[in-house]
Protein chains: 2
Amino acid sequence: MDLLEKLEKERRAVNLEVQKTLVGKPDRIYSAAKHLCLAGGKMVRPMLCMLSCEAVGGKRMDVARTGAAIELMHTFTLIHDDIMDGDVLRRGQPSVHKLYGVPTAILAGDLLFSKAFEICDPRAYRILARATSEICEGQELDISFETRTNVSEDEYVEMIRKKTGVLLEAACESGAVVGGGTDEQVEALASFGQSIGLAFQIQDDILGVTADEEKLGKPVGNDIVKGKKNLIAIKALEALKEKERKELLGILAKKSNTDAEIKRAIELFQDSGSIDYCKKKAREYIKKSDSSLHELKDSTARKELKLIADYVVKRDL
Amino acid sequence: MDLLEKLEKERRAVNLEVQKTLVGKPDRIYSAAKHLCLAGGKMVRPMLCMLSCEAVGGKRMDVARTGAAIELMHTFTLIHDDIMDGDVLRRGQPSVHKLYGVPTAILAGDLLFSKAFEICDPRAYRILARATSEICEGQELDISFETRTNVSEDEYVEMIRKKTGVLLEAACESGAVVGGGTDEQVEALASFGQSIGLAFQIQDDILGVTADEEKLGKPVGNDIVKGKKNLIAIKALEALKEKERKELLGILAKKSNTDAEIKRAIELFQDSGSIDYCKKKAREYIKKSDSSLHELKDSTARKELKLIADYVVKRDL
């Protein structure tokens with residue numbers, strides 16, 4: 001990937017901070033905590049933090065540790081989410097609770113959480129704390145949607161804003177704050193982060209049914225099996241005729257689906273036009289993020305932020 | 001309890017901060033997060049924080065919020081511990097995961113964790129973060145001891161220092177820091193907190209086999225069923241003759257014990273003298289805590305800290 005190559009130096013710096021932080025005893029909890037970090041995350045959040053810092057006049061390397069803190073925070077949420085959702089694969093690897101058992105996986109998540117606060121900049125810790133509270137609220141909403149059949153688009157957007165948007169927002173906001181940005185700059189970058197966070201999650205949902213399974217690192221159609229009410233499902237349920245709607249609801253409600261059922265659900269998504277709707281929606285959020293960026297002076301960092309935004313909707317993993 | 005009556009105003013202030021903090025949506029995660037807070041904790045940690053603040057010249061009410069943060073942190077560890085240990089009772093109530101299921105219980109713990117960082121004093125957040133990392137390490141050690149038969153007293157003390165000592169230490173340390181204490185005062189109070197933390201955990205282990213079940217709020221002999229290697233078990237295994245030692249190891253290794261087996265294990269503890277040994281050990285730590293206190297000037301707060309220390313080994317719940 002072009003962008004990731006371009007930002008290779010930054011990714012290495014963040015990775016070094018992550019490695020330096022995750023050293024301690026007993027070995028077992030630190031191995032568990034490191035497992036997903038070593039499985040190769042894209043590090044979008046630390047990049048956003050560093051570029052936001054530079055975009056307001058700071059030095060990107062000054063927030064490498066805070067960027068690492070945000071990556072630890074993100075990894076903590078992935079580990080706990082996988083336990084809650086019963087997901088056994090992540091980034092093409094067995095999930096942490098699958099390898100180490102639920103107790104150590106809970107603890108590894110908690111450890112990443114506290115380590116994040118140990119290393120983040122003092123000016124960023126409250127931003128991160130508030131974001132994490134919202135992430136918890138968002139995850140609870142996501143779970144509660146599984147058993148509902150009438151989730152609206154607004155409810156979905158509120159859920160992914162909390163579950164995904166706020167951490168990308170916090171990454172940009174904390175970078176801008178540490179970089180010494182004005183209130184207007186901090187607000188513009190926070191808004192940029194939130195918009196690409198929403199686009200990111202919608203794109204994730206799309207990839208969950210359209211991507212190549214090997215690239216995806218987890219089963220295609222996972223959300224269908226779990227009955228997740230993501231925007232694809234919501235818009236399909238709104239658009240389909242009664243018979244097809246009932247058929248889709250039946251597949252979503254069933255807890256263990258056959259490959260044929262998953263394929264049929266994806267067919268219904270395609271027929272209803274909901275996947276195209278979601279692609280359009282993701283592009284709209286990227287467009288919105290672009291207008292937030294234009295409140296900042298032009299700079300290399302701003303150009304790179306724009307590249308990240310474009311990458312969000314173009315990526316295939 | 002005399003002491004709790006004496007500190008009723010402080011407990012109410014902390015409780016109010018806890019209540020104010022745990023307001024939000026969705027209802028379900030906030031109810032889950034509040035459940036144990038409403039079940040009536042002793043609030044020893046917030047009291048330590050407030051009195052440490054005053055003992056160095058600060059105002060105790062200035063750290064009511066930070067005290068509340070520490071109580072939230074403590075509650076978060078209880079909720080996650082209960083999931084890991086499969087404990088279904090806590091403070092005489094069903095545990096959070098028993099009432100709300102594991103996913104919401106994990107989230108409720110995470111939420112309490114982030115809320116703690118939202119409300120704690122900026123001068124305290126890193127102290128709390130470091131403490132929580134050690135708590136995770138301690139809990140992992142505790143779990144790993146269950147399947148070992150040769151845990152030493154030193155290993156046990158290191159485990160409870162991390163699992164219990166550091167949070168009481170952090171409570172005193174953060175109170176002293178926010179109160180503007182000198183390095184020597186902060187160190188003396190941190191050391192005081194750690195000593196009573198160790199005494200507190202040993203007393204907890206003793207109460208786990210000697211207390212009245214109703215007061216205890218959970219089954220007597222719970223640690224025996226789980227095969228926990230607390231100091232009572234360690235000293236008994238060291239002191240017993242081969243035949244009784246094997247009998248005790250057999251009971252500890254069994255995952256579901258009869259009432260008769262639990263009674264027999266407690267009898268073996270009594271016979272070996274290990275319960276008396278633990279009582280002596282707890283009193284030694286309280287004595288040590290007292291010499292830390294004497295590095296501070298005499299004051300009402302210092303007298304109250306002494307009362308808390310004495311309470312730790314005298315309490316029956």
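Scroll up to find the structure this text is about.
Residues numbered from 1 in each chain as written. Chains lettered and ligands numbered in written order. Predicted model: local features only at pLDDT ≥ 70, side-chain atom pairs only at ≥ 80, totals over all residues. Heavy atoms only, no water.

### Focus: the overall build of chain A
Here is step 1: Each helix and strand counted, chain A has 17 helices and 2 strands in total.
Here is step 2: Whereas a compact globule of 317 residues would reach a radius of gyration of roughly 20 Å, chain A reaches 19 Å, a difference of no more than 12%.
Here is step 3: Dimensions of chain A, computed from C-alpha atoms along their principal axes, come out at roughly 60 × 50 × 30 Å.
Here is step 4: Split into buried and exposed, the 317 residues of chain A put 62% on the buried side.
Here is step 5: Split by element, the accessible area of chain A, about 12,700 Å² in all, is 50% carbon and sulfur.
Here is step 6: Here chain A carries 50 positive and 52 negative side-chain charges, and the mean point of each set is 1 Å from the other. (Helix = DSSP H or I, 4+ residues; strand = E, 2+ residues; numbered from the N terminus. Rg over C-alpha atoms; globule rule 2.2 N^0.38 Å. Buried < 20%, exposed > 50% of the residue type's maximum accessible area, 1.4 Å probe, protein only. Areas by Shrake-Rupley, 256 points an atom, 1.4 Å probe, with all protein chains shown as cover. Lys, Arg positive; Asp, Glu negative; His and termini not counted. Charge placed at Lys NZ, Arg CZ, Asp CG, Glu CD.)

### Describing the packing of aromatic side chains
Here is step 1: Overall, the coordinates contain 7 aromatic pairs over all chains when judged by the stated rule.
Here is step 2: A ring pair is formed by Phe-117 of chain A and Phe-117 of chain B, whose centres lie 3.9 Å apart and whose planes are at 20°; its orientation type is stacked. Linking Phe-117 of chain A in helix 7 (residues 102-119) with Phe-117 of chain B in helix 7 (residues 102-119), this pair reaches from one chain into another. For the pair Phe-117 of chain A and Phe-117 of chain B, one class covers both residues: buried.
Here is step 3: Here Tyr-125 of chain A and Tyr-125 of chain B contribute two aromatic rings whose centre-to-centre distance is 3.9 Å and whose plane-to-plane angle is 0°, an arrangement assigned as stacked. (Phe/Tyr/Trp six-rings, centres within 6.5 Å; stacked < 30°, edge-to-face > 60°.)

### Overview of the pattern of salt bridges
Here is step 1: According to the stated counting rule, one finds 73 salt bridges over all chains in the structure shown.
Here is step 2: One salt bridge connects Glu-54 of chain A with Arg-60 of chain A, and the closest N-O pair in it is separated by 2.6 Å.
Here is step 3: Its relative accessible area of 12% is what places Arg-60 of chain A among the buried residues.
Here is step 4: With a closest N to O distance of 3.9 Å, Asp-290 of chain B and Lys-306 of chain B form a salt bridge. Here Asp-290 of chain B is found in helix 16 (residues 274-293), whereas its partner Lys-306 of chain B is found in helix 17 (residues 300-314), with 16 residues between them in sequence.
Here is step 5: Connected through shared salt-bridge partners, Asp-81, Asp-85, Asp-87, Asp-142, Glu-146, Lys-163, Lys-226 and Lys-228 of chain A make up one network. (Salt bridge = Lys/Arg side-chain N within 4 Å of Asp/Glu carboxyl O.)

### Regarding helix 13 (residues 231-239) of chain B
Here is step 1: Of all 9 residues that make up helix 13 of chain B, 7 are buried, and the element is covered over most of its length.
Here is step 2: Where helix 13 of chain B is buried, its residues meet helix 9 (153-178), helix 10 (183-210), helix 14 (242-253), helix 15 (259-272) and helix 16 of chain B. (Contact = heavy atoms within 4.5 Å.)

### A look at the interface of chain A and chain B
Here is step 1: At the junction of the two partners, chain A supplies 37 residues and chain B supplies 37 residues.
Here is step 2: Carbon and sulfur atoms supply 68% of the area that chain A and chain B bury against each other, a total of about 3,100 Å² over both sides.
Here is step 3: One salt bridge in this structure joins Glu-140 of chain B and Arg-28 of chain A, with 3.4 Å as the shortest N-O distance.
Here is step 4: The interface formed by chain A and chain B contains 18 residue pairs in polar contact (both at pLDDT 80 or more).
Here is step 5: The set of elements that each furnish at least two residues to the side of chain A that touches chain B consists of helix 3 (27-38), helix 5 (64-85), helix 7 and helix 8 (125-146) of chain A.
Here is step 6: Looking at the side of chain A that touches chain B residue by residue, the class counts come to 20 nonpolar, 6 polar and 11 charged. (Buried area = accessible area lost by both parts, 1.4 Å probe. Polar contact = N/O pair within 3.5 Å; in protein donor to acceptor, adjacent residues only side chain to side chain. Nonpolar A, V, L, I, M, F, W, Y, C, P; charged D, E, K, R; others polar.)

### Notes on the relation of the copies chain A and chain B
Here is step 1: Note on the identical chains: chain A maps onto chain B by a rotation of 180° and an axial translation of 0.0 Å, with an RMSD of 0.0 Å. The superposition of one copy onto the other is thereby described by a two-fold rotation axis.
Here is step 2: Most of the interface of chain A is mirrored in chain B, where 100% of its interface residues again form contacts. (Least-squares fit on C-alpha atoms with pLDDT ≥ 70 in both.)

### Regarding the packing of helix 4 (residues 44-55) of chain B against helix 5 (residues 64-85) of chain B
Residue and element names in this part refer to chain B.
Here is step 1: Orientation of helix 4 relative to helix 5, taken along the N-to-C sense of each, is 150°, at an axis distance of 8 Å. It follows that helix 4 is roughly antiparallel to helix 5 by the angle criterion. When the axes of helix 4 and helix 5 are compared, the crossing they make is right-handed. On helix 5, the residues touching Arg-45, Pro-46, Cys-49 and Met-50 of helix 4 are Ala-64, Thr-66, Gly-67, Ile-70, Glu-71 and His-74.
Here is step 2: Counted by class, the contact of helix 4 with helix 5 contains 5 nonpolar, 3 polar and 2 charged residues. (Axes fitted to C-alpha atoms, helices over the stretch in contact; angles between N-to-C directions. Parallel < 35°, antiparallel > 145°, perpendicular 65-115°, else oblique. Left-handed = near helix turned anticlockwise from the far one by under 90°.)

### Describing the environment of Leu-207 of chain A
Residue and element names in this part refer to chain A.
Here is step 1: Looking at the element boundaries, Leu-207 is found in helix 10 (residues 183-210).
Here is step 2: For Leu-207, a relative accessible area of 6% translates into the label buried.
Here is step 3: The spacing of Leu-207 and Gly-221 is 14 residues in sequence and 9.3 Å in space, taken between C-alpha atoms.

### Here's the deal with the nonpolar core
Here is step 1: Ranked by internal contacts, the top residues of the largest apolar core, which has 228 residues, are Leu-48 and Phe-117 of chain A together with Leu-48 and Phe-117 of chain B.
Here is step 2: Not counting residues within four places of it along the chain, the set of residues in contact with Leu-48 of chain A comprises Leu-168, Ala-171, Cys-172, Phe-192, Ile-196, Leu-305 and Ile-308 of chain A. (Core = buried A, V, L, I, M, F, W, Y, C linked by side-chain atoms within 4.5 Å.)

### Points about helix 4 (residues 44-55) of chain A
Residue and element names in this part refer to chain A.
Here is step 1: Relative to the 16 Å expected for 12 residues at 1.5 Å per residue, helix 4 spans 16 Å between its end C-alpha atoms, a close match to the ideal helical length.
Here is step 2: The element helix 4 is extensively covered by neighbouring structure, given that 11 of its 12 residues are classed as buried.
Here is step 3: All of the buried residues in helix 4 are Val-44, Arg-45, Pro-46, Met-47, Leu-48, Cys-49, Met-50, Leu-51, Ser-52, Cys-53 and Ala-55.
Here is step 4: Of the surrounding secondary structure, the elements contacted by the buried residues of helix 4 are helix 2 (8-21), helix 5, helix 9 (153-178), helix 10 and helix 17 (300-314).
Here is step 5: In the segment just after helix 4, Gly-57 is the residue with positive phi, at about 110°. (Expected span 1.5 Å × (residues − 1).)

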